[in-house]
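# What the coordinates show
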Amino acid sequence: SATPATLSAISNGAKNGVLFKGGAAMEALSTMDILYSDKTGTITLGEFKVISYEANEDVLKEVVYMEQQSSHPIADAIVSAFNDIDLNRVDQTEEIEEIAGSGMKKGAIYVGKPSAFADYEDPHHYRSKLSAGYTTVFVGKEHQIVGYFSLSDQVRPESAPAIAGFQDEKIKVVLLTGDNEMTAKKVAEEVNIDTYAASCSPEDKIKYVLDSQKQKKVVGMIGDGINDAPALANADIGIAMGSGSSVAMESADVVIVKNNLAKLFYSFKLSKKLNRIIL
Ligand code: ADP
Ligand code: MG
């Protein structure tokens, strides 16, 4: 069981908005060699706005209907951008499936990440809509891309300083995102992360964690989504954002209640001080 010094560090962390589920996570945090971080909702606010789109009325209705079933921040943005649309004529008997870290499926229609449409025809040239700085999702129907949505998001103000803090402590910070290459690169540059991987599936995220562990590294992973949950569970220190999905919080050892990465860095320093006392 935890020492009094560890319990006191945990209580200090909690007062500062970071909840540790046990003494082991508090003690391990400052021994971390590498910190993998998700992008959307973790380094960025995850508060998307639709800034452009193309889709005919029927496709648009299907997409809004499907996204009503998803808790992804992209889904929330699409649903609220078209909240006055009439969904009466949508076939509501067809089953909807959420594919974590990829998109939503209903019958022959799929909405999700561009890399899922690699072998689709693109008669309207929607691939040309991909650009740095925006997150774009495609709508596909019967092997054709029939619509797109481009959305903007913003880096959280605390991200860059907190990441710099970890880097100064010689912790390697690596960005792992399901988003596309251009947007991954732009966000990585904005927060000074020199290593990133784009178009990651939930399985890819786990693989990065396990590979580092095989190299005897103590691995931290921070994320907010359903897609991050398996990697959070496998990391030595899994850290979830308080705004995240409940499965991410259940899989993590640490929860950042108000999503403030500066508070995580404060907890790191508590952990470091603690290890000077107990080691
Ligand atoms: P990140 O790893 O950056 O948090 P996610 O893994 O949550 O991103 O999502 C990866 C990509 O999958 C998104 O950029 C988007 O293209 C697509 N995606 C995921 N969920 C949805 C959804 N509900 N609707 C549309 N696209 C989605
Ligand atoms: Mg995320």
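Coordinates for the structure precede this section.
In this report, we go over the structure that sits alongside the text. (Residues numbered from 1 in each chain as written. Chains lettered and ligands numbered in written order. Predicted model: local features only at pLDDT ≥ 70, side-chain atom pairs only at ≥ 80, totals over all residues.)

Before going further, it helps to examine the sheet that holds strand 2 (residues 34–37). The seven strands lie next to each other as 1-13-12-11-2-9-10, forming an open sheet whose pairing is mixed. The open sheet is flanked by strand 1 (18–20) and strand 10 (195–197), the only strands paired with a single partner. Averaged over all neighbouring strand pairs, the angle between strand axes comes to 20 degrees, with direction disregarded. Sheet analysis places strand 2 next to strand 9 (residues 172–176), joined by four bridges and oriented parallel. What sits directly across from Ile 34, in strand 9, is Lys 172. (Pairing = 2+ DSSP bridges. Helix = DSSP H or I, 4+ residues; strand = E, 2+ residues; numbered from the N terminus. Axes fitted to C-alpha atoms, helices over the stretch in contact; angles between N-to-C directions.)

We now examine the packing of helix 3 (residues 57–67) against helix 4 (residues 73–81). Where helix 3 meets helix 4, the axes come as close as 9 Å, and the angle between the chain directions of the two elements is 130 degrees. With respect to their mutual orientation, helix 3 and helix 4 come out oblique. Considering how the two elements wind past one another, helix 3 and helix 4 form a crossing that is left-handed. Mapping the contact onto sequence places Val 63, Val 64 and Glu 67 in helix 3 and Ala 75, Ile 78 and Val 79 in helix 4. Split into classes, the residues belonging to the contact of helix 3 with helix 4 amount to five nonpolar, no polar and one charged. (Parallel < 35°, antiparallel > 145°, perpendicular 65-115°, else oblique. Left-handed = near helix turned anticlockwise from the far one by under 90°. Contact = placed C-beta atoms within 7 Å. Nonpolar A, V, L, I, M, F, W, Y, C, P; charged D, E, K, R; others polar.)

Take the sheet that holds strand 6 (residues 109–112) next. Ordered by their spatial adjacency, six strands build an open sheet running 3-8-7-6-5-4, and the pairing between neighbours is antiparallel. Pairing within the sheet leaves two strands with one partner each, and these edge strands are strand 3 (49–54) and strand 4 (96–99). For this sheet, the mean angle separating the axes of adjacent strands, direction not counted, is 15 degrees. Here four bridges tie strand 5 (residues 103–106) to strand 6, and the two strands are oriented antiparallel to one another. Each bridged residue has a counterpart across the sheet, and for Gly 103 the counterpart in strand 6 is Gly 112.

A few words on the environment of Ser 71. With respect to the helices, strands and loops of the structure, Ser 71 is situated in the loop between helix 3 and helix 4. Spatially, the C-alpha atoms of Ser 71 and Ser 152 are 17 Å apart, while their sequence positions differ by 81 residues.

Bringing the environment of Ser 212 into the picture now. Note that Ser 212 resides in helix 7 (residues 202–214). Its 21 C-beta neighbours within 10 Å are what place Ser 212 among the buried residues. In this structure, the C-alpha to C-alpha distance between Ser 212 and Leu 35, residues 177 residues apart in sequence, is 10 Å. When near neighbours in sequence (up to four residues on either side) are disregarded, Ser 212 contacts Ile 34, Lys 217 and Val 219. (Buried ≥ 20, exposed ≤ 12 C-beta atoms within 10 Å, placed from the backbone.)

Judged from the four bridges that link them, strand 4 and strand 5 form a sheet pairing that is antiparallel. Bridge pairing in strand 5 links Glu 97 to Lys 105. In this structure, the hairpin formed by strand 4 and strand 5 is closed by a connection of three residues, where Gly 101 is found at a positive phi of approximately 75 degrees. The turn linking strand 5 back onto strand 6 is made up of two residues, and Gly 107 within it adopts a positive phi angle of 55 degrees.

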